[in-house]
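Letter by letter, the chains look like this.
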Amino acid sequence: MRITGVIQAGGKSTRMGGAPKALMDLGGRRIVERVVAAIAPVVDDVLIVTNTPELYGFLGLPMVADVFPDHGSLGGIYSGLAAASGNVAFTVACDMPFLSSEVVRLVLERAGDADVVIPRTGDQLETLHACYAKPCLPHMEERLRSGRLRIVGFFEAVRVLEIPEAAVRRLADPAVVFMNVNTPDELEHARALERRGARA
């Protein structure tokens, strides 16, 4: 089974004042570089979903635009899965600085067992740290065309396998590994964790 890593970089970073959060420095590297470093070793290839390709050309990775612009994360997941060379897209956000290759591998190991393989933490499904298989595409597209953009909304139509929090916790702290940097305060928190030697 071929798995494409898909980095979602289509957001407008409004809570960061418009500055691209993926390009913020953290520990001497841009956050998106940390994301690539975590996922590239465990997937077959990597692509970026972005409507601003000029910002990410330095990574030397293939890029695709949103098929459904302004349709939120569901639109980005759809676009990445549609463009993926593999049967499955492992999708992550561009602003997750403490991704763990080991936790990524935990999800990937089950990729052939369901159409969606997704970690759960508490009452939340980690929709931007999950595997989506090609059979999800028509169900995603149906919802996108009708303006129903909640990611988990199409789950009832496909096979879903949840990775329990306890399995993640054996490898990493879920609060760190699934952390996003959306605001200046969250960036400062991430920098403080980095200074204390935090790892996923």
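Structure: see above.
First, a word on scope: everything that follows refers to the structure included in this document. Being a predicted model, the structure only gives us computed values, none of them experimental.

1. Describing helix α4 (residues 137-145)
For α4, every residue scored as buried is listed here: L137, M140, R143 and L144. Here the buried residues of α4 occupy an arc of 135° about the axis, which is enough to place them on one side. Turned more than 90 degrees away from the buried face of α4, the exposed residues are P138 and R145. Where α4 is buried, its residues meet α2 (72-83) and β9 (129-133).

2. Description of the side chain of S79
Mapping S79 onto the fold places it in helix α2. Only 2.8 Å separates the side chain of S79 from the backbone nitrogen of V67, close enough to count as a polar contact. Beyond its immediate sequence surroundings of up to four residues, S79 is in contact with V49, V64, A65, D66, V67 and F68.

3. Details of the pattern of salt bridges
Considering all chains together, one arrives at ten salt bridges under this definition. Across the salt bridge formed by D45 and R2, the nearest N and O atoms sit 3.8 Å from each other. Taken together, the positions of D45 in strand β4 (residues 45-49) and R2 in the segment before β1 (3-8) put the pair 43 residues apart, joining distant regions of the chain. A relative accessible area of 21% places D45 in the partly exposed class. Salt-bridge contacts for E33 lead to R30; the nearest nitrogen and oxygen are separated by 3.5 Å. For E33, a relative accessible area of 26% puts it in the partly exposed group.

4. Here we look at the side chain of S100
Relative to the helices and strands, S100 is located in the loop between β6 (88-93) and α3 (101-108). Since its relative accessible area comes to 6%, S100 is described here as buried. A polar contact of 3.1 Å, which involves the side chain of S100, links it to the side chain of E102.

5. Looking at the state of the cysteines
Within the structure shown, the criterion is met by zero disulfides. Here C94 is not disulfide-linked; the sulfur of C131 is the nearest cysteine sulfur, at 19 Å. Judged by its relative accessible area of 5%, C94 falls in the buried class. In this structure C131 is not part of a disulfide, and its nearest cysteine sulfur, from C136, lies 10 Å away. Exposure remark for C131: the relative accessible area of 1% places this residue in the buried category.

Cut-offs and rules
Residues numbered from 1 in each chain as written. Predicted model: local features only at pLDDT ≥ 70, side-chain atom pairs only at ≥ 80, totals over all residues. Heavy atoms only, no water. Buried < 20%, exposed > 50% of the residue type's maximum accessible area, 1.4 Å probe, protein only. Helix = DSSP H or I, 4+ residues; strand = E, 2+ residues; numbered from the N terminus. Arc of directions from axis to C-beta. Contact = heavy atoms within 4.5 Å. Polar contact = N/O pair within 3.5 Å; in protein donor to acceptor, adjacent residues only side chain to side chain. Salt bridge = Lys/Arg side-chain N within 4 Å of Asp/Glu carboxyl O. Disulfide = S-S within 2.5 Å.

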